Amino acid sequence: MNEDRRIEPRAVPLGGVRGITVHRTLPHRALPTVGAWCFLDHFGPTAERMTVLPHPHTGLQTVTWPLSGQIRHRDSLGNDVVLRPGELNLMTSGDGVSHSEISADDVSMHGVQLWVALPDSRRGGPADFEHLPDLPRLERDTWSATVMVGDLDGEASPARTYTPLMGAQLDLRSGTANVPVRDDFEHAVLAMDGPLTVDGQELATRELLYLAPGREQVVIATHGASTALLIGGEPYTEPLVMWWNFIGRTHDEVAVARSEWEAGSARFGHVDGHGGQVIPAPPMPGVRLTPRRRREQ
Ligand code: MN
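Residues numbered from 1 in each chain as written. Predicted model: local features only at pLDDT ≥ 70, side-chain atom pairs only at ≥ 80, totals over all residues. Heavy atoms only, no water.

Bound to the manganese ion are the protein donor atoms His 55 (NE2), His 57 (NE2) and His 99 (NE2), situated 2.1 to 2.2 Å from the metal. Binding-site remark: the manganese ion is held by donors from one chain whose sequence spacing is H-x1-H-x41-H. Relative accessible area serves as the criterion here: at 5%, His 55 is assigned to the buried category. Residue classification places His 57 among the buried residues on the basis of a relative accessible area of 1%. (Donors = N, O, S within 2.8 Å, 3.2 Å for Na, K, Ca; no water. Buried < 20%, exposed > 50% of the residue type's maximum accessible area, 1.4 Å probe, protein only.)

Structure follows, in structure tokens:
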């Protein structure tokens, strides 16, 4: 896409009756991806608890990033980790993995969860999980940042990714932040806790602004302390068939993943500690799934 575009969130209930409501800006019919970032849920601040029972993934990485509240992650690889603000959980599904995410304290929950589409070279590979408690920090006059993924202004995250990609939490103080970015990347900014002005464009809380490639910095103005998410990457060209928790390249790949999850296949393993409870897959839609494409309207 060659033009900047503002994306309004839509509210989506997550994790059943005891779950939370999330505010989703990716995918959007006008914007399926930003780089390989293909999914963006903003949750909270809320007193609700996160209760997401075991469920499967294929073809993607999950990125979980709390600003407040702790989340216990358990997965079919045997990991059992409490994730705290400032720390990153990065799970690579490869061909198949399953996990659960449950609130681990009574603090107000606030954060984001994103997915990264895996390239063909990695999407059929083994599952992997990284808990990264110690990420690089940048300190500048009017802003600071924690680098979750990729590189920002010379500081690189150790998180393993498979396409050219970046993601960072920006902590903005009153005034103007000039955040240097790669001019071959497309980017997007999510206003997480207050309105922002990004490259002269007004952005309300929870909105996402898509920023086309070809800029060397992103200029963000605030009227007080504020937090933003900056994501970016090389524009992603592989066709993505996204349905429920699966990413494939064709309808049939996704249908096979669904039936294998429903059958309790070893492909997705087992998450201990839930007494065998899992989230069942919804029925397949009555039409064939097709790849998401960018539309100009
Ligand atoms: Mn998940």
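Turning to the pairing of strand S3 (residues 20–26), a few remarks are in order. Of all seven residues that make up S3, six are buried, and the element is covered over most of its length. The pairing of S3 with strand S4 (residues 37–46) spans four bridges and is classified as antiparallel. Paired with Leu 26 across the two strands is Leu 40, which belongs to S4. (Helix = DSSP H or I, 4+ residues; strand = E, 2+ residues; numbered from the N terminus. Pairing = 2+ DSSP bridges.)

Moving on, we get to the side chain of Arg 24. With respect to the helices and strands, Arg 24 occurs in strand S3. The buried category is assigned to Arg 24, whose relative accessible area is 13%. A polar contact is formed between the side chain of Arg 24 and the side chain of Asp 41, at a distance of 2.6 Å. Contacts of Arg 24, omitting those with residues within four sequence positions, involve Glu 8, Pro 9, Arg 10, Val 12, Leu 14, Phe 39, Leu 40 and Asp 41. (Polar contact = N/O pair within 3.5 Å; in protein donor to acceptor, adjacent residues only side chain to side chain. Contact = heavy atoms within 4.5 Å.)

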